[in-house]
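What follows is the residue order along each chain.
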Amino acid sequence: MGLGYPMKVLVTGGTSGLGLAMASALATVGATVALTGRSGRRASAVAAELPGAVSIEMDVRDESSVARAVDQAWSRLGGIDMLVNNAGIGMRTVNPRFMTHPQGFWEVPVDGFRAVIETNLTGYFLVAREVTPRMLAAGGGRIVNVSVSDSTMHRAGFVPYGPSRAGSESLSRIMAADLRDTGVTVNLLLPGGPTVTGMLPLDTVPEGRESLEPTVMGPPIVWLASADAVGVHDERIVAVEFEGWLRDRNGRR
């Protein structure tokens with residue numbers, strides 16, 4: 001089923017994992033997608049596999065890279081109707097054995113801490129900061145910030161990833177408050193459990209607990225891009241619970 005109308009979407013970190021799953025789902029229903037990655041070559045290769053997609057090199061940690069990439073995306077797409085803030089790095093970048101040999105926060109390398117915070121939190125801010133004025137001038141738009149489960153935000157051994165994601169959730173809620181009644185909506189989307197991406201090695205998923213596929217993000221991101229989601233604002237949507245959430249929501253209307 002297609003969206004039924006043009007939708008131009010910028011997906012950061014769209015070359016793998018959750019970002020690629022969302023970009024694929026959106027492209028499949030007819031959205032024009034610009035996906036970004038720090039490697040322009042990899043982004044180009046991935047975009048070539050999706051119908052109508054374009055690739056843009058972007059380092060979300062760098063203001064000049066973000067400004068240049070957003071300008072390119074706006075120009076190549078003819079505007080941006082939806083921003084999916086997804087680019088992120090995980091605990092493996094600071095502790096490859098974080099699931100089996102967690103480190104205390106005092107053992108975390110300072111450079112590693114800064115890299116995760118700058119990517120997962122500052123990156124969301126920088127991209128949204130660049131896109132939002134354009135959306136306001138255009139009369140509206142949609143921003144979806146990707147997050148993760150609450151457990152990562154207080155679990156031992158999850159500095160700096162947990163704080164980065166807690167910060168991105170707070171950022172998203174404040175963005176929603178700042179943008180209320182402007183025509184630009186802001187919502188949070190998260191998988192709802194351990195997901196098979198490069199951030200989580202398969203052999204570290206606890207026994208008896210199934211891991212989710214990145215494709216779980218497809219139905220809710222497509223819905224958030226649809227006409228049915230016009231005006232939906234400041235919601236926290238858990239992908240694995242999406243169908244039930246949507247039924248409840250429709251029942252309340």
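Just so you know, these numbers come straight off a predicted model, no measurement behind them.

Sorry if this is basic, but what is going on with the packing of aromatic side chains here?
Each pair of aromatic rings is reported with the distance of its centres and the angle of its planes. Scanning the model with the defined rule gives 4 aromatic pairs in all. On the basis of an interplanar angle of 25° and a centroid distance of 6.2 Å, the ring pair of F242 and W245 is categorised as stacked. Here F242 and its partner W245 are both found in helix α7 (residues 242-252), 3 residues apart, which amounts to about one turn of the helix. Neither F242 nor W245 differs from the other in exposure class; each is buried. A connected cluster of aromatic rings, assembled from ring pairs, spans W223, F242 and W245.

Please clarify how the pattern of salt bridges should be interpreted in this entry.
Side-chain pairing between opposite charges can occur once the charged atoms of the two side chains come close. With the rule as written, the count across this model stands at 5 salt bridges. The salt bridge involving R134 is made with D71; its shortest N-O contact spans 3.3 Å. With R134 in helix α4 (residues 110-138) and D71 in helix α3 (residues 63-77), this residue pair connects regions lying 63 residues apart in the sequence. A salt bridge links R180 to D234, with the shortest nitrogen-to-oxygen separation between them at 3.4 Å. One end of the pair, R180, is in the loop between α5 (161-179) and β6 (184-190); the other, D234, is in the loop between α6 (218-224) and β7 (236-238), and 54 residues separate them in sequence.

Whenever I open this one, the environment of E130 confuses me. Can you help?
Counting through the fold element by element, E130 comes out in helix α4. For E130, a relative accessible area of 22% translates into the label partly exposed. For the pair E130 and V66, spaced 64 residues apart in sequence, the C-alpha separation works out to 7.5 Å. Sequence-distant contacts of E130, defined by excluding residues within four places in its chain, comprise V66, A67 and V70.

Help me understand the sheet that holds strand β4 (residues 82-85) in this model?
Note on sheets: strands pair through backbone hydrogen bonds, and any given pair is parallel or antiparallel. Pairing in this open sheet of 7 strands is parallel, and the strands run β3-β2-β1-β4-β5-β6-β7 from one edge to the other. If you trace the sheet from one side to the other, it starts and ends with β3 (54-57) and β7, each paired once. Averaged over all pairs of adjacent strands, the angle between strand axes in this sheet comes to 20°, irrespective of strand direction. Bridging between β6 and β7 involves 3 bridges; their strand directions are parallel.

The rules behind the values
Residues numbered from 1 in each chain as written. Predicted model: local features only at pLDDT ≥ 70, side-chain atom pairs only at ≥ 80, totals over all residues. Heavy atoms only, no water. Phe/Tyr/Trp six-rings, centres within 6.5 Å; stacked < 30°, edge-to-face > 60°. Helix = DSSP H or I, 4+ residues; strand = E, 2+ residues; numbered from the N terminus. Buried < 20%, exposed > 50% of the residue type's maximum accessible area, 1.4 Å probe, protein only. Salt bridge = Lys/Arg side-chain N within 4 Å of Asp/Glu carboxyl O. Contact = heavy atoms within 4.5 Å. Pairing = 2+ DSSP bridges. Axes fitted to C-alpha atoms, helices over the stretch in contact; angles between N-to-C directions.

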